[in-house]
Each structure stands twice: as C-alpha cells, then as structure tokens.
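Spelled out from the first residue to the last, the chains are:
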Amino acid sequence: MRNTLVLNASYEPLTTVSLQRAVVLVLQDKAVVEQAHPLRTVRGTGVSIPVPRVIRLQRYVRVPFRQQAPWSRRGVLARDQHLCAYCGRRATTVDHLQPRSRGGEDSWLNTVAACPEDNQRKADRTPEQAGMRLLRRPFVPTPQATLMLALGLRGSEARELADWLPALPGQPAPTAVPAA
C-alpha cells in the first residue's frame, strides 16, 4: 500500500504518511479525505472509511520555507528509487562516497543507495579506490521532488494525483484546481 499524501488546510502538499497514520488523522477529525481509493475501505468496530490517497488537514500548519530537502537515509533511498548506484539491483543501504571515517558527511552529494553486497565490497574506501563505477551521480533533490519520490508514484497513479501535486521543473502545471 502506497503512502498517503497530506495537504495543508490551504491545499498545499506537505508530506506523506502511512495508511495507518492517515486513518488515525481522519478518525481524530484532524484531517478529511480529499481523494480515496475507489474500491478499498478500512473497517473497524463500528467504523468504515474509504482508503485515503489524499487527506487535507483541518487546521493550517505553518511550514518554514526550505530550498533544500533535509538529508535522510530514507530520502537517499527514495531519490535513487531503491536502486544500487553501482550495479542497479535493489538497494536497501546507504553508502558514503567519501567514508565517514575519512571525514565524509551525511549529505545528498556524498551518499548513494547501494545493495548490501556492493556496500560491503566498497567498505571503507572511495569508489575509485575500490575500483567501482557509479551508474549515476548523486544530486540534491528539491523539496517537491522529494515529496514526489516519497509517494513512489508510477504512471497512472501519478496522473490520478496530479491535481494535488506541484509541477516539477520541465513538467506542465496541473490543469484543475481543487475546490475549497
């Protein structure tokens, strides 16, 4: 099950949360379901709600402006689409290009997603020292791109939520504006 998109009271995308967290927010009347899965519902004792794809908070949350998304291991894996930067297989770990023991830091440009085998093979060396080639260079994602990657949307799923999401550079802006 995919994460649920959380909108501010002003319809601005804020973040993503798990299905469980989204249901709790709705049941506590802290959020309302703006878009639900057409065929799925969550049932509990005396309650049944549609599985939320998009929820909107009831109260406005002030968010400080950020030009850069904060670094996190989860963010690196999402940015690299859970693909190893060395071999292209499924990645579950984060590798530091400049090892932390040699002054490397936790930053977007110093970390890549890696499969456990390649991460261990590289060990405490740089990719050049280990004779390993990167398939793609790390980059600093924008907060909007981080949100899109966290949602993990593919093809038709991305089109279904297009009205709720900001346009990324090089993409057309959404055509419809949600009604208030």
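Reading the values: the criteria
Every chain is numbered on its own, with residues counted from 1 as its sequence reads. Residues qualify for local features only when their pLDDT is at least 70, as the model is predicted, and side-chain atom pairs are given and counted only at 80 or more; totals for whole chains, interfaces and linings, by contrast, use all residues. With hydrogens and water set aside, each side-chain value is computed from the structure's full complement of heavy atoms. By the convention used here, strands pair only if DSSP detects at least 2 bridges between them. Under the scheme used here, helices are H or I runs from DSSP no shorter than 4 residues and strands are E runs no shorter than 2 residues, and both carry numbers assigned from the N terminus. A fitted line through C-alpha atoms serves as each axis, taken over the contacting stretch for helices, and the angle formed by two N-to-C directions is quoted from 0 to 180°. The working definition used for a salt bridge is a side-chain nitrogen of Lys or Arg within 4 Å of a carboxyl oxygen of Asp or Glu. Here the term buried applies to any residue with accessible area under 20% of the maximum for its type, exposed to any over 50%, and partly exposed to those in between, with areas from a 1.4 Å probe on protein chains only. What qualifies as a polar contact is a pair of N or O atoms within 3.5 Å, subject to a donor-acceptor requirement within protein and to the restriction that residues adjacent in sequence count only when both atoms come from side chains. Contact criterion: two residues are considered in contact whenever any of their non-hydrogen atoms come within 4.5 Å of each other.

Spatially, β2-β1-β4-β3 is the arrangement adopted by the four strands of the open sheet, whose pairing is mixed. Edge positions in the sheet fall to β2 (13-17) and β3 (31-44), since each has one partner strand and no second. For this sheet, the mean angle separating the axes of adjacent strands, direction not counted, is 40 degrees. As paired strands, strand β1 (residues 4-7) and strand β4 (residues 47-57) are joined by three bridges and run parallel to one another. Directly across from Leu7, in β4, lies its bridge partner Arg56.

In this section: the pattern of salt bridges. What the rule picks out here adds up to six salt bridges. Notably, a salt bridge pairs Arg100 with Asp106, separated by 3.9 Å at the nearest N-O pair.

Quick look at the pairing of strand β6 (residues 111-114) now. Neither face of β6 is exposed, since Thr111 and Ala113 on one face and Val112 and Ala114 on the opposite face are all buried. The sheet contact formed by strand β5 (residues 93-96) and β6 spans four bridges and is antiparallel. Paired with His96 across the bridge in β6 is Thr111.

Let us now look at unusual backbone geometry. Even without being glycine, His82 reaches a positive phi, approximately 55 degrees. Structurally, His82 is set in the loop between α2 (73-79) and β5. On the basis of relative accessible area, His82 is assigned to the partly exposed category, the value being 32%. Although it is not a glycine, Ala123 sits at a positive phi angle of roughly 55 degrees. Relative to the helices and strands, Ala123 is located in the loop between α3 (116-122) and α4 (127-130).

On to the side chain of His96, then. Of note, His96 is situated in strand β5. Only 2.6 Å separates the side chain of His96 from the side chain of Asp106, close enough to count as a polar contact.

Strand residues, when the strand is regular, have side chains that alternate between the two faces of the sheet. Inspection of the sheet shows β3 paired to β4 by nine bridges, in the antiparallel sense. Residue pairing for β4: Arg43 is matched across the bridge by Ser48. Where β3 hands over to β4, the hairpin turn is made up of two residues, of which Gly46 adopts a positive phi near 75 degrees.

Now for the environment of Val61. Tracing the backbone shows Val61 in the loop between β4 and α2. On the basis of relative accessibility, which here comes to 35%, the residue Val61 falls in the partly exposed class. Along the chain, Val61 and Leu14 lie 47 residues apart, while their C-alpha atoms are 9.0 Å from each other. Residue contacts for Val61: discarding those within four places in its chain leaves Asn8 and Leu14.

These figures come from the coordinates and say nothing about function on their own.
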